Amino acid sequence: MNYIWEVVGRHPTGQQPTGEETIQKLCDRVASSTLLEDRRDAVRALKSLSKKYRMEVGTMAMDHLVRILQTDRTDTEILGYALDTLYNIVCSDEEEEPEENQQKQEDDLGAQFTEKFIREPDNITLLLTLLEEFDFHVRWPGVKLLTALLKSQCAQVQGIILVSPMGVSRLMDLLADSREVIRNDGLLLLQQLTKGNTAIQKIVAFENAFERLLEIIIEEGSSDGGIVVEDCLLLLLNLLKNNSSNQNFFKEGSYIQKMKPWFEVGDDNSGWSAQKVTNLHLMLQLVRVMVSPVNSPGATASCQKAMFQCGLLQQLCTILMATGVPADILTETINTVSEVIRGSEVNQDYFASVNAPSNPPRPAIVVLLMSMVNERQPFVLRCAVLYCFQCFLYKNHKGQGEIVATLLPSTIDANSISAGQLLCGGLFSADSLSNWCAAVALAHALQNNLTQKEQLLRVQLATSLGKPPVSLLQQCTNILSQGDKLDRRGSRVQTKVGLLMLLCTWISNCPIAVMHFLHNQDNVPFLTGQISENLGEDERLVQGLCALLLGICIYYNDNSLENYTKEKLKQLIEKRIGKENFVEKLGFITKHELYSRAAQKPQPAFSTPEHMMFDHEFTKLVKELEGMITKAVLRSSEEEKKEEEVKKTLEQHDSIVTQYKELIREQDSQINELKEQVTLLTSQNEKLQNTITQQFSQIQQHKDQYNILKLKLGKDNQQTSNQAEAAHMNGLQPEELSQLREQLEELQRQNLLLQTQLTEKDSLVTSLKTEGVPSAEGSTSEVTELQKEVELLKAQLQSQTAEITQLQSERQELLRGSETTAAVPGEDRVYTEKIAELESRLSAQTAETQKLKGEVKTLLESKELMEKELASATSTAAIMQAEKSKLQQEVQESKKEQDDLLMLLADQDQKILSLKQRLKDLGETIEDEDDLDSRDQFDDDDDDDDEEEEEECDE
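Note that the coordinates shown come from a computational prediction; the quantities given were computed from them, not determined experimentally.

Novice: Explain the side chain of Arg-179 here, please?
Specialist: For Arg-179, the position within the fold is in the loop between helix 10 (167–172) and helix 11 (180–193). With sequence-adjacent residues up to four places away left out, Arg-179 is seen in contact with Phe-134, Asp-135, Phe-136 and Arg-139.

Novice: I would appreciate a short explanation of the pattern of salt bridges in the present structure.
Specialist: Opposite charge on two side chains permits them to pair, given that their charged atoms come into close proximity. Using the criterion set out here, one finds 20 salt bridges in the structure. Between Lys-276 and Asp-224 there is a salt bridge; the shortest N-O distance is 3.3 Å. On the criterion of sequence distance, the pair formed by Lys-276 in helix 15 (residues 274–290) and Asp-224 in the loop between helix 12 (198–219) and helix 13 (227–240) is long-range, its members being 52 residues apart. By relative accessible area, Lys-276 is classed as buried at 17%. Here Glu-339 ties to Arg-288 by a salt bridge, and the two come within 3.0 Å at their closest N and O atoms. Taken as a pair, Glu-339 in helix 18 (residues 327–341) and Arg-288 in helix 15 lie far apart in primary sequence, 51 residues in all. Using a relative accessible area of 5% as the deciding quantity, one classes Glu-339 as buried. Taken together, the salt bridges that share partners define one network made up of Arg-40, Asp-41, Arg-44, Asp-75 and Glu-77.

Novice: Before we go on, may I ask you to explain unusual backbone geometry in this structure?
Specialist: You will see that Met-166, though not glycine, has its phi angle at about 60°, which is positive. For Met-166, the location among the structural elements is in the loop between helix 9 (154–163) and helix 10. Overall, the relative accessible area of 57% leaves Met-166 in the exposed class. Even without being a glycine, Asn-559 presents a positive backbone phi close to 60°.

Novice: Help me out: how do you make sense of the packing of helix 32 (residues 579–586) against helix 35 (residues 616–634) in this one?
Specialist: To describe two helices that pack against each other, one gives the angle between their axes and the distance between the axes. Packing of helix 32 against helix 35 leaves a shortest axis separation of 10 Å and a crossing angle of 170°. By the angle between their axes, helix 32 is roughly antiparallel relative to helix 35. Between helix 32, through Lys-579, Phe-582, Val-583 and Leu-586, and helix 35, the contact on the second element is made entirely by Glu-626, Ile-629, Thr-630, Val-633 and Leu-634. When its residues are assigned to classes, the contact of helix 32 with helix 35 shows six nonpolar, one polar and two charged.

So, how was this worked out
Residues numbered from 1 in each chain as written. Predicted model: local features only at pLDDT ≥ 70, side-chain atom pairs only at ≥ 80, totals over all residues. Heavy atoms only, no water. Helix = DSSP H or I, 4+ residues; strand = E, 2+ residues; numbered from the N terminus. Contact = heavy atoms within 4.5 Å. Salt bridge = Lys/Arg side-chain N within 4 Å of Asp/Glu carboxyl O. Buried < 20%, exposed > 50% of the residue type's maximum accessible area, 1.4 Å probe, protein only. Axes fitted to C-alpha atoms, helices over the stretch in contact; angles between N-to-C directions. Parallel < 35°, antiparallel > 145°, perpendicular 65-115°, else oblique. Nonpolar A, V, L, I, M, F, W, Y, C, P; charged D, E, K, R; others polar.

Printed below as a string of C-alpha cells:
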C-alpha cells in the first residue's frame with residue numbers, strides 16, 4: 001500500500017482514503033498524466049487493486065484501460081499491466097474457492113463487465129491486434145483475457161471474431177509459438193472459440209489445425225502424454241463433432257491413418273495413470289465421432305473403410321482382447337469397435353474372424369456374449385457388449401444366419417460353447433437383465449430377415465429329463481404365462497418386456513411364425529387376459545406389448561387356422577376387450593418415457609438396469625406397425641372386403657401402370673438408340689456428300705484432261721495402229737518384242753555398271769597421284785597388273801561393241817527385209833530363224849556380261865587389298881619419293897587408256913539409243929528417263945518430225 005500512496009500522494013495524518021477514492025485518483029492519473037512513467041505506475045497500482053476492489057476498478061477504470069491499449073502501443077510493460085487488470089476484472093480469482101452464492105455473484109459481475117467490454121466490437125479487434133505482439137508480457141495476458149471473455153459471453157465474442165479480418169488466423173498463430181505456456185493457453189482459447197460454432201470450426205480446420213494438433217500430440221507422447229494431449233483431443237472433438245465438412249476434410253487429409261499409433265499398447269497393461277486413461281478415452285471418442293450412426297451413411301462407410309485399410313480396426317480389436325486394460329477403457333473400446341463395424345460388411349466379416357487369446361481359441365463374439373449374460377460384470381460393460389452384438393448383426397444377413405445356425409440341431413457342437421447356446425442360457429436364466437439382453441440380441445438376429453425367422457422355428461429345447469423337447473417359440477410363451485415364477489426377483493416386467501419384444505420381432509411379416517404362435521391354444525387367451533385386466537402403472541407397458549403382439553397376429557394372419565382367422569380374432573377383441581380399449585392399451589407403448597429415450601439413438605444408454613426396457617430397432621418396428629394394426633382392428637368385415645377389392649384394383653392398376661412404365665422405358669431406350677443412329681447416319685451422310693462432291697470435281701477434271709489428250713493424240717493413235725500392223729506383218733510377235741526390250745534394258749544396266757567401275761578406277765588413280773606409293777617394287781607390279789586388267793577390260797568392251805554393231809546391222813537388214821515381206825510371203829520363215837539366231841547371240845552376250853561382273857568383283861577385292869597395303873605403308877612414303885615420277889608417268893598412260901574406253905562407251909550409248917528408236921518404230925513402247933523427259937516433245941511433233949527422226953537413225 002505504501003507504493004500506492006506514493007503514486008496518489010499522501011493524505012494528512014490520520015485520514016485513510018477509501019479504496020474507491022484511491023481508484024478514482026489512479027484513474028485521474030491515468031487519464032491526465034503526460035509522462036509515460038506516471039501512467040505506467042498508475043496502471044500497475046490499478047492492477048494490484050483489481051482483485052480486491054473488482055467492482056470499483058471495473059466500473060471506473062475500464063474505459064481508461066482500453067484507452068491505454070489504444071494509445072500506448074509502443075510500451076509493452078504498460079500494455080501488460082492493462083491486460084492483466086482487465087483479466088482480473090472480467091474473471092474471478094481461480095485460486096480461491098468461494099461459496100456457491102458468492103461464486104454466482106462473481107460470475108454475474110464478470111458477465112456484466114464482459115458485456116460492457118464487448119459492447120464496442122473494436123475492443124475485441126484491438127485485442128486481436130495486440131495478440132500479434134511477440135512480447136511475452138503482452139501476448140500471454142491477451143490470450144488469458146480473450147479466453148475469459150469467451151467463457152463469459154461465448155456467442156457474442158465468437159460473432160465479433162468471425163467478422164474481424166484475419167481474426168481466427170491470428171489466434172491460430174498461437175499454436176506455433178515456441179513458448180509452451182502461450183501455446184497451451186492458446187489451446188484453451190481455441191477450445192472456447194470453437195464451441196458450437198460451425199463456421200469458426202471450418203475456418204480453424206482449414207488453417208491447418210489438424211496437422212498442428214496431431215504434431216503436438218506426438219510431441220507430448222500420445223496417450224502417455226499429459227494435460228496438453230487432453231487439451232488437443234478436446235479441441236479435435238470440438239472441430240469434428242457434428243461437422244460433416246471437417247470430418248470429410250479430416251478423412252481426405254489422411255489423418256485417420258495417423259491415429260493408429262495412438263492405440264498401440266504393450267503386453268503389460270498394469271498401472272495405467274489417470275491421465276493416460278483420460279487421453280485414451282478421448283482418442284476412442286474421436287474415432288467414434290468419425291463413424292457415428294448420426295453421420296451420413298456415405299461418410300460413415302468411407303471412414304469405416306479407411307479404418308480397416310490402415311489397420312486401425314485391427315488395433316482396436318487387439319485392445320479388446322488384451323488383458324489388464326481398465327474397465328472403462330475396455331467398455332469404450334467395445335463401443336468404438338461396434339460403430340466401426342456397424343453396417344460395414346468387410347469390417348463385420350473381419351470381426352467375426354477375430355479370436356480371443358485363450359486355449360482353445362474362442363471367437364471374440366462368444367467371449368463378449370459370455371460377459372453380457374454374466375450378472376457379475378459391470379452394467380455399462382454388458383450394455384456395451386449388447387451394442388457391439390447389435391452392430392455386428394446390423395444389415396448383416398450372413399452374420400444373422402451364422403448366429404441362428406448355432407441353435408439348429410444339425411450344427412450344435414457339444415464340445416464347444418456357441419453364441420446360440422449363450423443366448424438361450426441368458427434368455428432363460430434367473431437374471432432379468434440377462435433375459436432382456438439375450439432376448440434383444442436374438443431379436444436382432446431376426447431383424448428384417450424372413451429366412452432366419454422361419455429357420456428359428458426349427459429350434460427345439462430340452463426342458464427336463466423324460467419330457468419331450470419343446471420349440472423355442474413355445475418356451476418363450478410358457479415363460480410369459482408363468483408370471484408367478486418371475487416374482488422371486490421382483491423383475492418380471494423387464495423379463496416380460498424382453499420376451500414380448502422378441503416375439504413381436506419374430507412373427508412380424510412372417511405368416512408361418514404367426515400360424516405357429518396361434519397353434520398353441522393358450523397364447524390367445526393369455527394375451528386377451530393381460531390386455532383386459534386393470535393392472536398397475538408398471539404393468540401398462542406389458543399390456544401395450546401384448547396388444548401389439550395380438551395386433552400382429554391379426555395383421556399378418558393368412559387365415560390358415562380356422563379357429564383364429566382375422567375376423568374371429570377381431571370379434572374376440574370386440575367381445576372381451578373392446579376395440580377402443582385395445583387401441584388405448586396399444587398406445588401405452590409410444591407414450592412411455594423410456595420409449596422416447598430409446599428412440600433417440602441406437603446405442604443402449606441407460607442410467608440404471610431398471611430403465612432398460614426398449615431397444616432402438618424395436619421402436620422403429622412399433623412406429624411402423626401401430627397405425628396399420630389400429631386400422632386393421634377398427635375396420636369392419638365389409639370395409640375389409642371393400643378395402644381388399646380396392647387393393648386388388650389398385651394392384652391391377654399398379655401392374656398396368658408398371659407395364660406401361662416398362663413399355664415407356666423400352667420406347668425411350670429405342671428412341672435414344674434411333675436418335676443415336678440418326679446422328680451417326682447424318683454424320684456419315686455429310687461425309688459421303690463431301691466425298692461425292694470431291695469425286696465429281698475430280699471426274700470433271702479428268703474429263704477435261706481426256707478431251708485435251710483426245711485432241712492431241714488423235715493423229716498419234718492412227719500412226720500407232722499403222723506401226724502395229726507393220727510389226728504384225730513383219731512376223732514379230734508381242735512376246736518376242738518384250739524379250740528384245742528386256743535384253744536391251746539388261747545391256748543398259750551392264751553399261752552403267754561398267755561406267756561406275758571405271759569411275760572407281762579413276763578415283764583410285766587420283767588417290768595414287770596425291771598420296772604417293774608405299775613401295776617401288778610392289779607399286780610397280782600392282783600398277784602393271786592394273787594396266788593389264790584395264791587392257792583386258794578394254795578388249796572385252798571392244799568385243800562387246802563389235803557384237804552390238806553386228807546386231808545393229810542385222811537389225812537394219814531385218815528392217816529392210818520387212819519392206820518386201822508383204823510381196824514375198826515365203827520369206828517370213830527365214831526372218832523368224834534369223835530372229836532366233838539373234839536371240840541366241842544376245843543370250844551369249846548376257847553370259848559374257850556376267851563374266852565381266854565377276855572380273856569387276858575381283859578387281860574391287862584387289863582394290864580393297866591395295867588400300868590396306870597403302871594404309872600400312874604410310875611410314876615408308878619418304879623412301880618411295882624417287883619412284884613417284886615414274887609411277888605418275890605410268891598413271892598418265894593408264895588415264896589415256898581410260899579416256900579411250902570412255903569414248904568407246906559413249907559410242908556404245910549412241911548405238912543403244914539408235915536401237916531403242918528402232919524398237920519404237922516397230923511399235924514397242926520403251927520408257928526410260930530420256931523418254932519420260934521428251935514425251936511431251938514427241939506428243940507435239942507432227943508427221944514431218946517423225947520423218948526427220950527416221951533419217952537421223954539411218955545416218
